[in-house]
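# Structural description and commentary
Letter by letter, the chains look like this.
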Amino acid sequence: MHELSIALGIVKIAEEECRKAKANNIKSIELEIGAMSGIEMSALDFAWPVAVKDTMLEHASREIDFISGKARCVDCDTEFDVEHSYDTCPKCNSYFKDIYQGKEMRVKALEVE
């Protein structure tokens, strides 16, 4: 379950940014997580309370912006939605694609006080 280490990494980033802003508390955190990021959302939800316990994020609200996967076929230049890395182009059935959206995992915003 690598989601625990991901959650701990988010806590570290948030606390570092909070200190840079000379703030004492984090009210909310907004994350961007892509469909192709490899993060299992139910596992992240399970690990989150353990990761944020006794941290600045313990009482913060959490918002997750889910980003769908998008790719461009290398062979025919068709753009299409993807859910899995093995999805084929709907036009030419090629497996060769450039996934340009959906691999994101970032802290988008923090509200501090």
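Before reading further, recall that the structure is shown in the block above.
Below is a short write-up of the structure. (Residues numbered from 1 in each chain as written. Predicted model: local features only at pLDDT ≥ 70, side-chain atom pairs only at ≥ 80, totals over all residues. Heavy atoms only, no water.)

Following the sequence through the fold, glutamate 104 ends up in the loop between β5 (97–101) and β6 (105–112). At 4.9 Å, arginine 106 is the nearest oppositely charged side chain to glutamate 104, a buried residue that forms no salt bridge. In terms of polar contacts, glutamate 104 uses its side chain to reach the backbone amide nitrogen of glycine 102, at 2.8 Å. Apart from the residues lying within four places of it in its own chain, the contact partners of glutamate 104 are Glu32, Ile33, Gly34, Ser37 and Ile67. (Helix = DSSP H or I, 4+ residues; strand = E, 2+ residues; numbered from the N terminus. Buried < 20%, exposed > 50% of the residue type's maximum accessible area, 1.4 Å probe, protein only. Lys, Arg positive; Asp, Glu negative; His and termini not counted. Salt bridge = Lys/Arg side-chain N within 4 Å of Asp/Glu carboxyl O. Polar contact = N/O pair within 3.5 Å; in protein donor to acceptor, adjacent residues only side chain to side chain. Contact = heavy atoms within 4.5 Å.)

Further remarks concern helix α2 (residues 41–52). With 12 residues, α2 should cover 16 Å at 1.5 Å per step; its first-to-last C-alpha distance of 16 Å lies within 8% of that length. Taken together, the buried positions of α2 are Ala43, Leu44, Ala47, Trp48, Ala51 and Val52. Take α2 and look down its axis: the buried residues cluster within an arc of 145 degrees, on one side only. In this structure, α2 carries Phe46 and Val50 as exposed residues pointing more than 90 degrees from its buried face. Tucked inside the fold, the buried residues of α2 contact α1 (3–20), β1 (26–34) and β2 (61–67). Directly beyond the C-terminal end of α2, a positive phi value near 60 degrees is found at aspartate 54. (Expected span 1.5 Å × (residues − 1). Arc of directions from axis to C-beta.)

Another point: α1. Spanning 18 residues, α1 covers 26 Å between terminal C-alpha atoms, matching the ideal 26 Å at 1.5 Å per step. Within α1, the full set of buried residues consists of Glu3, Ile6, Ala7, Ile10, Val11, Ala14, Glu15 and Cys18. Of the surrounding secondary structure, the elements contacted by the buried residues of α1 are β1, α2 and β6. Where α1 ends, the next residue or the one after it, lysine 22, has phi of about 55 degrees, a positive value.

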